[in-house]
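# Coordinate inspection notes
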Amino acid sequence: MKKSILVAIMLFSLTAVLQAQSIRFGVKGGINYANQNGTEITVNSENYDSTDAITSYHAGLVAEVKLFDRFAIQPELLYSTQGASYKNATEEFKNELGYLSIPVLAKFYLSKSLSLEVGPQASFLLSERNDFDYKNSETFEFAAVGGLGLNITKNLFIQARYGLGLTEASKDADIKNSTFQVSAGLMF
């Protein structure tokens with residue numbers, strides 16, 4: 001009898017939590033200011049000793065699962081381009097990598113419209129565009145991301161975040177992606 005009461009209370013509590021949460025979906029897009037940091041990269045026995053950031057873009061789908069009044073989980077599915085421009089004394093090349101990125105962020109509301117967003121991001125390499133034949137990029141990247149979000153209206157938001165790659169972006173060099181993103185989006 002006690003087990004039945006305990007199970008009924010647990011089911012009631014779970015039902016109450018599930019009904020209390022709201023799920024919203026939306027779209028977002030924006031610009032990336034991307035770079036690659038780490039040791040020197042060697043291509044065709046040439047060392048490239050400096051990198052410059054590239055400006056690229058990201059776009060995709062976003063969801064917000066509100067669990068409590070000031071806490072939500074925000075999974076996203078984005079196409080994001082990252083990379084860098086490499087230079088040495090005689091030549092320069094641009095390496096642009098296209099990823100399917102899946103950040104899953106814990107979203108802490110600091111006020112009704114301002115939120116702190118932190119969490120992990122898994123990215124899968126879909127494309128590689130560069131100025132030389134360089135096919136040694138890693139196909140998976142794991143990163144930590146964090147930033148701020150601002151709800152301008154109930155449906156319109158902007159975000160700024162920084163992503164720091166935790167795994168190598170290349171098989172040939174000790175380099176990791178880093179990306180600063182500014183986004184705008186619409187929730188439905």
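Our subject is the structure listed above.
A short tour of the structure in this document, coming up. Values in this document were obtained by computation on a predicted structure and should not be read as measured data.

A few words now on the packing of aromatic side chains. Overall, the coordinates contain 3 aromatic pairs when judged by the stated rule. Taking 6.1 Å as the distance between ring centres and 40° as the angle between the ring planes, the aromatic pair formed by tyrosine 57 and tyrosine 79 counts as tilted. With a gap of 22 residues between them, tyrosine 57 in strand S5 (residues 54–68) and tyrosine 79 in strand S6 (residues 71–87) connect regions that are remote in the sequence. Among the residues examined, tyrosine 57 registers a relative accessible area of 43% and is labelled partly exposed. What makes tyrosine 79 partly exposed here is its relative accessible area of 28%. When the ring of phenylalanine 71 is compared with that of phenylalanine 108, the centres are 5.2 Å apart and the planes differ by 50°; the resulting orientation is tilted.

Our focus in this paragraph is the environment of glycine 165. Secondary-structure assignment places glycine 165 in strand S10 (residues 156–165). As a C-alpha pair, glycine 165 and glutamate 141 span 24 residues in sequence and 6.9 Å in three-dimensional space. Those residues in contact with glycine 165, other than ones at most four positions away along the chain, are Glu141, Phe142, Ala143, Lys176 and Asn177.

Here we take up the pairing of S10. With burial as the criterion, only one face of S10 is covered, namely that bearing Phe157, Gln159, Arg161, Gly163 and Gly165; the residues Leu156, Ile158, Ala160, Tyr162 and Leu164 on the opposite face remain uncovered. Taken together, the 9 bridges between strand S9 (residues 140–151) and S10 define a ladder with antiparallel strand orientation. Within S10, the residue paired with valine 145 across the bridge is glycine 163.

Residue placement: alanine 184 occurs in strand S11 (residues 175–187). Among the residues examined, alanine 184 registers a relative accessible area of 40% and is labelled partly exposed. Distance in space between the C-alpha atoms of alanine 184 and alanine 160 is 9.1 Å, their sequence separation being 24 residues. Beyond its immediate stretch of four places on either side in the chain, alanine 184 contacts Val27, Lys28, Gly29, Phe157 and Ile158.

This part takes up the pattern of salt bridges. Scanning all chains against the criterion turns up 5 salt bridges. A salt bridge links glutamate 76 to lysine 28; the shortest N-O distance between them is 3.3 Å. In this pair, glutamate 76 is assigned in strand S6 and lysine 28 in strand S1 (residues 22–38), connecting sequence segments 48 residues apart. Accessibility expressed as a relative area gives 5% for lysine 28, which makes it buried.

Parameters and conventions
Residues numbered from 1 in each chain as written. Predicted model: local features only at pLDDT ≥ 70, side-chain atom pairs only at ≥ 80, totals over all residues. Heavy atoms only, no water. Phe/Tyr/Trp six-rings, centres within 6.5 Å; stacked < 30°, edge-to-face > 60°. Helix = DSSP H or I, 4+ residues; strand = E, 2+ residues; numbered from the N terminus. Buried < 20%, exposed > 50% of the residue type's maximum accessible area, 1.4 Å probe, protein only. Contact = heavy atoms within 4.5 Å. Pairing = 2+ DSSP bridges. Salt bridge = Lys/Arg side-chain N within 4 Å of Asp/Glu carboxyl O.

Note that all results are geometric; they support no functional claim without further evidence.
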